[in-house]
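Examination of the molecular architecture
Listed here are the chains, written in short residue letters.
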Amino acid sequence: MARVQLALNVAGLDQAIAFYSKLFGTGPAKVRPGYANFAVADPPLKLVLIENAAKAPGSLNHLGVEVASTEEVMAAKQRLAAAGLPTTVEESTTCCYAVQDKVWAHGGPGDEPWEFYTVLADAETAEGKPGVAEGTACCGAAPLPVAASTTAAPCC
């Protein structure tokens, strides 16, 4: 299983859920305060909606590829590093109401953040890092680009 992830900023979560439910013919797989995601079967897509009034509705939050295992995440990290792309690894991080292993790639032509990730477990909170309010979607801010491959824990 692999599918592209598209994370969008939305102004009103309820309105966005209603629209995308109609557009893709399926309801959300997960809904939490300020956050929803859809696991669309056809086309294979993980659509993430992040309520963020500070961003233009429909603007890109980040992109990703959901894979089935940590081994696939680490294989992506090796491939990206071999291609000379700066990466940031997060292991067992709680983000977007899930515990995940992931690697971020930085430096795209539009500086858009890309993640390759696997979901290890569901989580009751958006993020397990200090300083983030309960119910706040952790993906509201993209990771900062880094100059070289690192292992760190910036938020998604």
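The structure this text deals with has already been given above.
Now for a quick tour of the structure. (Residues numbered from 1 in each chain as written. Predicted model: local features only at pLDDT ≥ 70, side-chain atom pairs only at ≥ 80, totals over all residues. Heavy atoms only, no water.)

1. Observations regarding the side chain of Glu-66
The condition that has to hold: Secondary structure elements follow DSSP: runs of H or I no shorter than four residues count as helices, runs of E no shorter than two count as strands, and numbering proceeds from the N terminus. Here a polar contact is recorded for every N or O atom pair within 3.5 Å, except that within protein the pair must consist of a potential hydrogen donor and a potential acceptor, and residues adjacent in sequence are included only if both atoms are side-chain atoms.
Here Glu-66 shows up in strand β5 (residues 60-67). A distance of 2.7 Å separates a polar atom in the side chain of Glu-66 from a polar atom in the side chain of Arg-3. At 3.3 Å, the side chain of Glu-66 forms a polar contact with the side chain of Lys-46.

2. A few points about the nonpolar core
Filter applied, for reference: Only buried Ala, Val, Leu, Ile, Met, Phe, Trp, Tyr and Cys residues count toward a nonpolar core, and they belong to the same one when joined by side-chain atoms within 4.5 Å. Only protein chains enter the calculation, and the probe is 1.4 Å; a residue is then buried if its accessible area is under 20% of its type maximum, exposed if over 50%, and partly exposed in between.
Counting residues in hydrophobic clusters, the biggest one holds 12 residues: Leu-8, Val-10, Leu-13, Ala-16, Ile-17, Tyr-20, Ala-36, Phe-38, Val-40, Leu-45, Leu-47 and Leu-49. Counting only elements with at least two residues in this core, the list comes to β1 (2-10), α1 (13-24), β3 (35-40) and β4 (45-51). Broken down by element, the residue count for this core peaks at 4 residues, all from α1. Counting 9 residues, the second largest nonpolar core, distinct from the first, contains Val-65, Val-67, Ala-76 and Val-103.

3. What to know about the side chain of Gln-5
Take Gln-5: it is sitting in strand β1. Within the local environment of Gln-5, its side chain forms a polar contact with the side chain of Glu-115, the two groups lying 2.9 Å apart. A distance of 2.8 Å separates a polar atom in the side chain of Gln-5 from a polar atom in the side chain of Tyr-117.

4. Some thoughts on helix α2 (residues 70-82)
Note the threshold: A helix is expected to span 1.5 Å multiplied by its residue count minus one. Arc definition: directions from the helix axis to the C-beta atoms. We call two residues in contact when some of their heavy atoms are within 4.5 Å.
Taking 1.5 Å of rise per residue, 13 residues should cover 18 Å, and α2 covers 18 Å from first to last C-alpha, within 8% of that figure. By the burial criterion, the buried members of α2 are Val-73, Ala-76, Lys-77 and Leu-80. Projected onto a plane normal to the axis of α2, the buried residues spread over an arc of 105° and lie on a single side. For α2, the exposed residues set more than 90 degrees away from the buried face come down to Glu-71, Gln-78 and Ala-82. Residues of α2 that are buried make contact with β5, β6 (87-95), β7 (98-105) and β8 (114-122). Downstream of α2 by a residue or two, Gly-84 has a phi angle that is positive, lying close to 85°.

5. Some details on the pairing of β8
Stated formally: DSSP bridges decide pairing: two strands pair if at least two such bridges lie between them.
Direction of pairing for β5 relative to β8: parallel, over a ladder of 4 bridges. Bridge pairing in β8 places Gly-64 opposite Glu-115. Here 8 bridges tie β7 to β8, and the two strands are oriented antiparallel to one another. Each bridged residue has a counterpart across the sheet, and for Asp-101 the counterpart in β8 is Thr-118.

6. Concerning the packing of aromatic side chains
Cut-off, in case you're wondering: Centre distance within 6.5 Å is the pairing criterion for rings of Phe, Tyr and Trp, where only the six-membered ring of Trp is used; planes under 30 degrees apart are then read as stacked, over 60 as edge-to-face, and the remainder as tilted.
Scanning all chains against the criterion turns up 3 aromatic pairs. Centre to centre, the rings of Tyr-20 and Phe-24 are 6.4 Å apart; their planes meet at 15°, and the pair counts as stacked. Taken as a pair, Tyr-20 and Phe-24 lie in helix α1 at a separation of 4 residues, close to a single helical turn. Given a relative accessible area of 15%, Tyr-20 falls into the buried group. For Phe-24, a relative accessible area of 25% translates into the label partly exposed.

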